[in-house]
Amino acid sequence: MQPHEYGTGLAPKQRYEVSPRPAKCIVNAVLGFLLVRCCPMLPGALLPTVAVLDTTAYSDPPQQPAAVTSSRVTLRGEMSLADALTALHKQTANRVVDLRAPLGELPEKLARLRLDLQNVPFWQALTEILQQSVTRPVPTAGGEAIGLRARSGGLAPLSWSGPFAALATKVVAVHDLEAPERSHLELTVQLFWEPRLRALLLQAPADSVRARAGTALVGGPRGAGAARLASELGREIQIRLPLPARPLDSLQDVTVRWQALVSPGTLAVKMPVAAGSLVQDGVTIELAPSPARAGRPLTLAWTLRYPPGVVDPESHQVWMFQSECFLEKQGQRWPVDKDRHFISIVEGQAIRLTYYVSDGPNSLSDCYAILLAPQPFVQVPICFHFASIPLP
């Protein structure tokens, strides 16, 4: 699908956490440590040196894997913003939250939306909703939802590619008076994705951004970089480009090509509470329960062997922290406390999740264990295009 671009304004940087959870602070810290150790990551920014590039064509959109194509939306008629967001969630499983009321940003009169969208991509539908409701998307913690806040100006330049979207939110020109060769243009892009997906890692190949500054084709960064995406939905990325010659009032035909490591959905496993194994969605799953004893609770040890070659378990085991485990018997479920489990690596190739069960049925006869974990991760190519970005 061709990426699209909407809007001309630049919105200021904003951040808001929908449902902050103290436990996630530890998870985020551990994830950041592991990724810094195990990949060439520059936290929050992709800042290697820049380069002037040749005029090779750079606009062909990538083909999205079938498992992670954009959701489709149909919204027709007059409706409130709340009704539109409810319909979005029902049709796509993507949660979008209106944050204006708790932040005291509601207007005196709420606008009614008039929509005529028939089987359009999710981000096209949401862009139309943003335009009519005078709102803008903001990051949220945990990757559970996209937040909406009021805006006073135009919507920042927005482009989407499959299930991903990007807002060009800020441009800063830096002129280094002591070392003019270090002068640069810094473009801030806020990356969003459909909340139904689990995005783990953003990878930026060398020379992944290109733009036209007058008659010159410029680009950067020269070196490859990466940024983790697992901790929040709405990742801010800074990109350095050469400082264009004056006078210029905009960058033209800005094209960004990245790759994201994404799980397209949830691996839902249901097995009797007994030792056993199965293969599902290409993942080999083993369950080894240990019965409760005096002073020791029931233990459920899940071992998952993902297909090789996409995710290194040793480097990225922390993405399993969002997994969930339940006991189920005769239609009743007992969730296992997320704080009562730990993760380990088996033989360097498999991930083991060990849960300690403090509550459950009186008897494990006819009882099942359920695990909700990420489906195998896939590489998703991303191509954003902005027709014009104003310069300071």
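About the thresholds
- Numbering of residues starts from 1 in every chain and runs along the sequence as written.
- The predicted nature of this model means local features are confined to residues of pLDDT at least 70 and side-chain atom pairs, given and counted, to a pLDDT of 80 or more, with totals for whole chains, interfaces and linings taken over all residues.
- Only hydrogens and water are removed before side-chain values are computed, so all heavy atoms of the structure are retained for them.
- Looking at any residue, its pLDDT shows the predictor's confidence there, from 0 to 100.
- For this analysis, residues touch if any pair of their heavy atoms sits within 4.5 Å.
- In this description, strands pair whenever DSSP reports at least two bridges between them.
- Only DSSP runs of H or I reaching four residues or more are called helices, and only runs of E reaching two or more are called strands; each is numbered from the N terminus.
- What counts as an axis is a line fitted to C-alpha atoms, over the stretch in contact for a helix, and the angles between N-to-C directions run from 0 to 180 degrees.
- Side-chain atoms within 4.5 Å link the members of a nonpolar core, which is a set of buried Ala, Val, Leu, Ile, Met, Phe, Trp, Tyr and Cys residues.
- In this scheme, a residue with accessible area under 20% of its type's maximum is buried, one over 50% is exposed, and one in between is partly exposed, where area comes from a 1.4 Å probe on protein chains only.
- For a helix, the expected span equals 1.5 Å multiplied by the residue count minus one.

**Quick notes on the confidence of the model for the protein chain**
No. 1: Put simply, the protein chain has an average pLDDT of 78, and 77% of its residues get 70 or more.
No. 2: Confidence over residues 1-60 falls short of pLDDT 50; this stretch has 158 contacts with residues more than four positions distant or in other chains.

**Points about the sheet that holds strand β6 (residues 135-138)**
No. 1: The sheet built from 3 strands is open, its strands ordered β4-β8-β6 with mixed pairing. Both edges of this open sheet fall to β4 (96-98) and β6, since each of them pairs with a single strand only. The sheet shows a mean angle of 35 degrees between the axes of neighbouring strands, direction not considered.
No. 2: Pairing analysis gives 4 bridges linking β6 to strand β8 (residues 146-150), with the strands arranged antiparallel. Within β8, the residue paired with T135 across the bridge is A150.
No. 3: With respect to the sheet, helix α2 (residues 81-92) is in contact with β4 and β8, its orientation differing from that of β4 by roughly 165 degrees.

**Quick look at the sheet that holds strand β24 (residues 332-335)**
Two modes of strand pairing occur in sheets, parallel and antiparallel, and in both the strands are linked by backbone hydrogen bonds.
No. 1: Taken in spatial order, the 4 strands of this open sheet run β19-β27-β23-β24, and their pairing is antiparallel. With one partner strand each, in any of the chains shown, β19 (266-272) and β24 form the two edges of the open sheet. Put simply, the sheet's adjacent strands are angled 25 degrees from each other on average, direction ignored.

**What about the nonpolar core?**
No. 1: Core analysis: the largest hydrophobic core is formed by 63 residues, its most contacted members being L88 and W258.
No. 2: Beyond its immediate chain neighbours, meaning those up to four positions away, L88 contacts V73, L75, A93, N94, V96, F122, A125, L126 and I129.
No. 3: With 32 residues, the next largest nonpolar core counts L261, L327, V336 and C367 among its residues.

**Quick look at helix α3 (residues 122-133)**
No. 1: Helix length check: α3, at 12 residues, gives a terminal C-alpha distance of 16 Å against a target of 16 Å (1.5 Å per residue), a fit within 8%.
No. 2: Within α3, the full set of buried residues consists of F122, W123, A125, L126, T127, I129, L130 and S133.
No. 3: Phi for V134, located one or two positions after α3, is positive at around 55 degrees.

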